[in-house]
Amino acid sequence: MEGIVVDNRRNMYFYARKDDQTKEQISTLSDLAERYGFTIVRDSSAANIIVSVGGDGAFLQAVRKTGFRQDCLYAGVSTSGRRSLYCDFHIDDLSSMIEAMTKEKIEVRRFPTIQVSVDNEASFLCLNEFSIRSGIIKTFVMDVYIDELHFEAFRGDGMIISTPTGSTAYNKSVGGAVVDPMLSCMQVSELASLNNNRFRTLGSSFILSEERKLRLEITQDGNDYPVMGLDNEALGVSHVKTVDLMMSDQVVKTVKLKDNSFWEKVKRSFL
């Protein structure tokens, strides 16, 4: 955790859908922010506080569309029935927002991200996970390397490589472990791997430290248009040969409220 001086961060940008209901909600939030000395900006590059309004999906899009800014603070406002993993505020709970805005210092959490490089050219960041799946009804074949070690020849539907915060999402749905975001690591989970007398994979999720590098080498056997996902956004690249993944030194800074730690969120969401 670290402290951020709010007085040095007065330019606020709202990221949200453009429907009438959301516009009305943002108008209310804008009035509140301005009453406490914040300036609402229309260009995200001029902001040092970026607020998403919606849910976790909106938060992920806000971070991606504004370029994973390292010089600003992200905050999520939920419009659903409860706060969520990335949304520490609720649209109907203005008192929490006022408290965060008026304190001289607020705690923030630093969420790790994964750097993804496709064919040694395009490079991307992921806050939740990177996923790669077969684009056709055919087994997806990849050679998996950890650092320089050929670890396994994977055959199946695909793989998910998640961050600790992403471990509660797609990764958890396929049996992966929930990982504390204070650990900078990535988790690799299989999608319907093929295991029989001829083919063998590890058959379970595994976790790599921030010092490790993961490489996926895709066999060119007809899967020319794999389905790849960067968080909740599709990536369209054809004839992919290699995907390299490692923990990035870039983080996403979000507001930390005392009553909404990561494990409190996990308990609230799943127990």
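Since the model is a prediction, treat every value here as computed from it, not as a measurement. (Residues numbered from 1 in each chain as written. Predicted model: local features only at pLDDT ≥ 70, side-chain atom pairs only at ≥ 80, totals over all residues. Heavy atoms only, no water.)

A complete count under the given rule lists five aromatic pairs for this structure. Geometrically, the ring pair formed by Tyr86 and Phe111 is edge-to-face, given 5.7 Å between the ring centres and 75 degrees between the ring planes. In this pair, Tyr86 is assigned in the loop between β5 (73-78) and β6 (89-90) and Phe111 in strand β7 (residues 105-118), connecting sequence segments 25 residues apart. Side by side, Tyr86 and Phe111 carry an identical accessibility label, which is buried. Grouping aromatic residues by their ring pairs yields a cluster made of Phe59, Tyr74, Tyr86 and Phe111. Sitting over the ring of Phe38, Arg10 keeps its end group 4.1 Å from the ring centre. In this structure, Lys172 is placed above the aromatic ring of Phe270, and the distance from its NZ or CZ to the ring centre is 4.3 Å. (Phe/Tyr/Trp six-rings, centres within 6.5 Å; stacked < 30°, edge-to-face > 60°. Helix = DSSP H or I, 4+ residues; strand = E, 2+ residues; numbered from the N terminus. Buried < 20%, exposed > 50% of the residue type's maximum accessible area, 1.4 Å probe, protein only. Lys NZ or Arg CZ within 6 Å of the ring centre and 35° of its normal.)

Tallying each qualifying case throughout the model produces nine salt bridges. For Glu233, the salt bridge goes to Lys65, with nearest N and O atoms at 3.2 Å. Of the two residues, Glu233 is situated in strand β17 (residues 233-235) and Lys65 in helix α2 (residues 56-65); the sequence distance between them amounts to 168 residues. By sharing partners, the salt bridges in this structure join Asp88, Arg109 and Lys265 into a single network. (Salt bridge = Lys/Arg side-chain N within 4 Å of Asp/Glu carboxyl O.)

Read across the open sheet, the six strands follow the order β14-β13-β12-β9-β16-β17; overall the sheet is antiparallel. Two strands bound the open sheet, and with one partner strand each, they are β14 (206-209) and β17. Direction aside, the axes of adjacent strands within the sheet are offset by 20 degrees on average. By the bridge criterion, five bridges tie strand β12 (residues 158-162) to strand β13 (residues 185-191) in an arrangement that is antiparallel. Paired with Ser162 across the strands is Gln187, a residue of β13. (Pairing = 2+ DSSP bridges. Axes fitted to C-alpha atoms, helices over the stretch in contact; angles between N-to-C directions.)

Turning our eyes to something else, we now look at the environment of Ala122. Positionally, Ala122 belongs in strand β8 (residues 122-126). Judged by relative accessible area, Ala122 falls into the partly exposed class, the value being 31%. Not counting residues up to four positions away in its chain, the partners in contact with Ala122 are Val116 and Ser117. (Contact = heavy atoms within 4.5 Å.)

We now examine the confidence of the model for the protein. Mean pLDDT over the protein: 89, with 94% of residues reaching 70 or higher. Per-element averaging of pLDDT across the protein places strand β1 (residues 2-5) at the bottom with 46 and β14 at the top with 98. Counted against residues more than four places away or in other chains, residues 1-5, with its pLDDT under 50, gives 17 contacts. (pLDDT = per-residue confidence, 0-100.)

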